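An overview of the molecular structure
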Amino acid sequence: MKKLIILVIVLYAGSLTAQVNNDTSASGFARNMEVAANSNPGFGSTTILFNPAKKPKGSVHLFDSWKNQGVIHTIDGQKFSISNINFNIDRNAFESKIGEDSLFTFNFNNIKMFVVNGKNFKNYFHEGTNRIFQSLYEQKDYEILKGYRVELVKGSTDPMLNRPDDKFVQKGKYYIRQNGTVQFLKLKKKNMLQFVGGDSKKAKELIEFLKKQ
C-alpha cells in the first residue's frame, strides 16, 4: 500500500514541499498516525476495534473494501495520496485501517476535501453540526450534495419476513448548498428547472447524472 510518510509533518509545520513516499509498510503508516494523534489531538485519533462474535450484515462503511485510492486536499493547496481509506457513515468520519484491530480516524482540521475513487467529499455545517457530504455537481452559485446515513435493521424470527440477522442499511439523500446554507433537495424535475434555465430536457439529464454519482 502506498502510504503517507510526511503528511503529518506538513499539516503541522506547513513549511515543507508536498511529496508522496512509496513506503508500503503498514507499521510505518501506523507510526505516522500515532505521531499525528500525539502531536495534535485535533487532527485525528486511533481507535481499537471490538469485534463481536456475530456482526450485522452490511457495513457502516461506504466503500466495499479498504483498498481505495484517496487524495487528501489540504486548506493550503497541497495534495497527498493514500490507498487505505474508507468513509464511516455512522461516525461521520474518514478512517484508515492501520492494523488488524485498529483504525485511525481523520477529521477536517487543515483538510479541505477528501477525494476517494474519484468522488469528492467535503465538510459542511448542517442542522447544528458538521457533516460530511459527497459533492456531486458544483457550479459558481450552488452545489448539489449527497448525504449518507446508516440504519441498523433488527433481525426477526418471523420466517415470513426472511430477515434472520441484523443488517446495516445505507441510505442517501440529496441536498443543495447555496449562500453558505445546506438544505434538503428532492430530485424532482420541477425542482431542477431552476438550475438549467427552465429546460425540461436538461433537468431530466441532470437528475439522471446525479443518481449515477
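In this text the structure is predicted, and so the values were computed from the model without any measurement. (Residues numbered from 1 in each chain as written. Predicted model: local features only at pLDDT ≥ 70, side-chain atom pairs only at ≥ 80, totals over all residues. Heavy atoms only, no water.)

**Some thoughts on the overall build of the protein**
Across its full length, the protein holds four helices and 12 strands. By the burial criterion, 39% of the 213 residues in the protein qualify as buried. Contacts in the protein between residues far apart in sequence, at least 24 positions, make up 53% of those at least 6 positions apart. Split by element, the accessible area of the protein, about 12,400 Å² in all, is 48% carbon and sulfur. (Helix = DSSP H or I, 4+ residues; strand = E, 2+ residues; numbered from the N terminus. Buried < 20%, exposed > 50% of the residue type's maximum accessible area, 1.4 Å probe, protein only. Contact = heavy atoms within 4.5 Å. Areas by Shrake-Rupley, 256 points an atom, 1.4 Å probe, with all protein chains shown as cover.)

**Observations concerning the nonpolar core**
Core analysis: the largest hydrophobic core is formed by 20 residues, its most contacted members being Leu62, Phe87, Phe94, Phe106, Phe114 and Phe121. Listing elements by their share of this core, those giving two or more residues are strand 5 (93-99), strand 6 (102-106), strand 7 (111-116) and strand 10 (143-153). When residues of this core are assigned to their parent elements, the largest contribution, three residues, is made by strand 7. The next biggest cluster of nonpolar side chains, apart from the first, holds 14 residues, and it includes Tyr174, Ile176, Val196 and Ala203. (Core = buried A, V, L, I, M, F, W, Y, C linked by side-chain atoms within 4.5 Å.)

**Comments concerning the pairing of strand 10**
Pairing of strand 9 (residues 129-138) with strand 10, which is carried by five bridges, proceeds in the antiparallel orientation. Bridged to Tyr137 within strand 10 is Ile144. The antiparallel hairpin formed by strand 9 and strand 10 contains four residues in its connecting segment. For strand 10 and strand 11 (residues 167-178), the ladder comprises 11 bridges, and the chain directions are antiparallel. Directly across from Glu143, in strand 11, lies its bridge partner Arg177. (Pairing = 2+ DSSP bridges.)

**Digging into the side chain of His73**
For His73, the location among the structural elements is in strand 2 (residues 70-74). Residue His73 is classed as buried on the basis of its relative accessible area of 16%. Apart from residues lying up to four places away in sequence, His73 is in contact with Gln78, Lys79, Ile111, Lys112, Met113 and Val115.

**Things to note about the confidence of the model for the protein**
Overall, the prediction assigns the protein a mean pLDDT of 80, with 75% of residues at 70 or greater. Residue range residues 1-43 is modelled with pLDDT below 50. Its contacts to residues more than four positions away, or to other chains, number 80 contacts. (pLDDT = per-residue confidence, 0-100.)

**Remarks on the packing of aromatic side chains**
Evaluated as defined, the whole model comprises 13 aromatic pairs. With 4.5 Å between their ring centres and 35° between their planes, Tyr142 and Phe195 make a pair best called tilted. Of the two residues, Tyr142 is situated in the loop between strand 9 and strand 10 and Phe195 in the loop between helix 3 (189-192) and helix 4 (200-212); the sequence distance between them amounts to 53 residues. Exposure remark for Tyr142: the relative accessible area of 11% places this residue in the buried category. Taking the centre distance of 6.1 Å and the plane angle of 80° together, the rings of Tyr175 and Phe184 count as edge-to-face. Look at Tyr175 and you get buried, because its relative accessible area is 6%. On the basis of relative accessible area, Phe184 is assigned to the partly exposed category, the value being 47%. Three or more aromatic residues link up through ring pairs in this structure, and these residues are Phe63, Phe87, Phe94, Phe104, Phe106, Phe108, Phe114 and Phe121. (Phe/Tyr/Trp six-rings, centres within 6.5 Å; stacked < 30°, edge-to-face > 60°.)

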